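Residue strings, one per chain:
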Amino acid sequence: MASRHSGHRSRVKSEFVARGMEGWPPHRVLEMLLFYAIPQGDVNDLAHELIERFGSISGVFDAAIEDLKAVPGMGEHSAIL
C-alpha cells in the first residue's frame, strides 16, 4: 500500500515549474528547499516545526545554524541550506 505522501515531492515540484511559488504558504516554500537537503522522506512536519519555532520564514532564514541543527530532523546540510 502506498503512503499518503507517495508522489508528494513530484507534485510540489511540478506545481513550482507550472506556477512558481507565488501564493504558497511559508511551510511549502521551506518544504521545497528541504527536498534538496533531505533527499528522502516527508519534510512537511519539519517545515511546519521550523516556522512555529522561529516565527516566520524570515525567522528560519535568519536563524543561526546551531539553532537550526537543534530542531529534530535538521542536520548540518539542512541548516546550512
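These remarks concern the structure in this document. Each chain carries its own residue numbering, running from 1 in the written order of its sequence. Per-residue local features of the predicted model are confined to residues with pLDDT of at least 70, and side-chain atom pairs are confined, for both listing and counting, to 80 or more; whole-chain, interface and lining totals are unaffected and use all residues. No hydrogens and no water enter the side-chain calculation; it runs on all heavy atoms of the structure.

## So, the environment of Val-60
To be explicit about the condition: Per the convention used, a helix needs a DSSP run of H or I reaching at least four residues, while a strand needs a run of E reaching at least two, with both numbered from the N terminus. Note on exposure labels: buried denotes an accessible area under 20% of the residue type's maximum, exposed denotes more than 50%, and partly exposed covers the range between, all computed with a 1.4 Å probe on protein chains only. Any two residues whose heavy atoms approach within 4.5 Å are treated as being in contact.
With respect to the secondary-structure elements, Val-60 resides in helix H4 (residues 57-62). Looking at Val-60, the relative accessible area reads 7%, which means it is buried. The contacts of Val-60, once residues within four sequence positions are left out, are Leu-30, Leu-50, Ile-51, Phe-54 and Leu-68.

## Thoughts on the nonpolar core
Just so we agree on the cut-off: What makes a nonpolar core is a set of buried Ala, Val, Leu, Ile, Met, Phe, Trp, Tyr and Cys residues whose side-chain atoms join them at distances within 4.5 Å.
By size, the foremost hydrophobic cluster in this structure holds 20 residues, and its most contacted members are Leu-34, Leu-46, Leu-50, Leu-68 and Met-74. Listed by contribution, the elements that provide at least two residues to this core are helix H2 (26-37) and helix H3 (44-54). Those residues in contact with Leu-46 that sit more than four places away from it in its chain are Leu-34, Ile-38, Val-71, Pro-72, Gly-73 and Met-74.

## Digging into the layout of surface pockets
Definition in use: Here a cavity is any set of points on a 1 Å grid over the protein atoms alone where a 1.4 Å probe fits but cannot get out, and a pocket is any open set with protein on both sides within 12 Å along at least 5 of 7 lines; a residue lines the site when it has an atom within 4 Å of a point. Grid points are joined across faces, edges and corners, and a volume is the space filled by probe spheres set on the points. For this classification, Asp, Glu, Lys and Arg are treated as charged, while Ala, Val, Leu, Ile, Met, Phe, Trp, Tyr, Cys and Pro are nonpolar and the rest, including Gly, are polar.
Here the largest pocket defines a volume of roughly 170 Å³. The wall of the largest pocket is formed by 14 residues, among which Val-60, Phe-61, Ser-78, Ala-79 and Leu-81 lie closest to the centre. Breaking the lining of the largest pocket down by element, the ones donating at least two residues are H2, H4, helix H5 (65-69) and helix H6 (76-80). When the residues that make up the lining of the largest pocket are grouped by side-chain class, the tally is 13 nonpolar, one polar and no charged.

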